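Reading the structure
Here are the chains, one letter per residue:
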Amino acid sequence: SIVLCLVYAQQTPGAAVQGRGGRAFARPAPPPDDNTGFESIFDGKTLNNWDGDPALWRVENGTIVGESTTERPVKPNTFLIWRGGTTKDFELKLEYRINSTNSGIQFRSSALPDVGKWVLKGYQADIDAANTFTGQVYEERGRGFLALRGQFARIAEGGKPKLVGSLGESEALKAFIKVDDWNHFHIIARGNVILQFLNGHMMSAVVDDDPQGRAAEGLLGMQLHAGPPMKVEFRNILLKKL
């Protein structure tokens, strides 16, 4: 169950647990992660099946690079959109590195051609260089903050996110995120439940029970944020349909 998944993900492998009568026993370590059933959706060489502004996105050393400069600014937020399918119930694993400002991973999102050619609206796994927002569940051009880092939140019909429980203190979880280095992001979305992990640690979770606000299926994309010059990189992008 999702509840058991949340509890298990927060356990420390091999840690001692107090049983009845005060007797301690070793908690079994979780099985090693593997990529069974996952498909690589980036070939490491080209942007085949990816669609974005060619002036801002490129492939370099096996990595997708999004970069804005003073001469090539971004306004509004723009996205590199995966055109190989849509995301519905899925798991996504990838590595990212960012040197400035803000980015994110869009999923179950919709295009807004009236706003811009490569503009998306929808769920976002948030990323920023200062790690103020990294790990939270955000909704781009929608309901905004759905679950901050360290929060397990629920959204009722027509309501705002309400805290169900804590996954840990935000600053403590922040310590697991590397600065200006590669980080491993893992997103699980099944039905109305979204779980987000960074470097093996659960960062946020949402149960979205708002039928008017939530999206069950949509596009996947990577964000290049409007504002000062920035660079964000993505590699080892793996997708598994559930």
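My aim in this report is to walk through the structure given alongside it, one point at a time. None of the values given here were measured: they were computed from a predicted structure. (Residues numbered from 1 in each chain as written. Predicted model: local features only at pLDDT ≥ 70, side-chain atom pairs only at ≥ 80, totals over all residues. Heavy atoms only, no water.)

Alignment of strand S5 (residues 57–60) against strand S6 (residues 63–68), held across four bridges, turns out to be antiparallel. From the neighbouring strand, Trp57 faces S6, where its bridge partner is Gly66. Hairpin connection of S5 to S6: two residues between the antiparallel strands, including Asn61 at a positive phi of 55°. (Pairing = 2+ DSSP bridges. Helix = DSSP H or I, 4+ residues; strand = E, 2+ residues; numbered from the N terminus.)

In this section: the pairing of strand S11 (residues 137–140). Bridge count between strand S10 (residues 120–128) and S11: four bridges; the pairing is antiparallel. Paired with Tyr123 across the bridge in S11 is Glu139. Taken together, the three bridges between S11 and strand S12 (residues 144–147) define a ladder with antiparallel strand orientation. Within the sheet, the bridge partner assigned to Val137 lies in S12 and is Ala147. As consecutive antiparallel partners, S11 and S12 are separated by three residues, and within that stretch Arg141 has a phi angle of approximately 55°, a positive value.

Summed over all chains, the structure comprises 10 salt bridges. Ionic pairing is found between Glu60 and Arg58, a salt bridge with its closest N-O pair at 3.1 Å. The exposure class assigned to Glu60 is partly exposed, which follows from its relative accessible area of 32%. For Arg58, a relative accessible area of 28% gives the class partly exposed. We note a salt bridge from Arg58 to Glu67, for which the minimum N-O separation is 3.0 Å. Because the salt bridges share partners, they merge into one network encompassing Glu139, Arg143, Asp208 and Asp210. (Salt bridge = Lys/Arg side-chain N within 4 Å of Asp/Glu carboxyl O. Buried < 20%, exposed > 50% of the residue type's maximum accessible area, 1.4 Å probe, protein only.)

Moving on, we get to the sheet that holds strand S9 (residues 102–111). In spatial order, the strands read S4-S7-S18-S9-S10-S11-S12; together these seven strands make up an open sheet with antiparallel pairing. Edge positions in the sheet fall to strand S4 (50–51) and S12, since each has one partner strand and no second. The sheet contact formed by S9 and strand S18 (residues 218–224) spans three bridges and is antiparallel. Looking at S18, one finds that Ser109 is bridged to Leu219.

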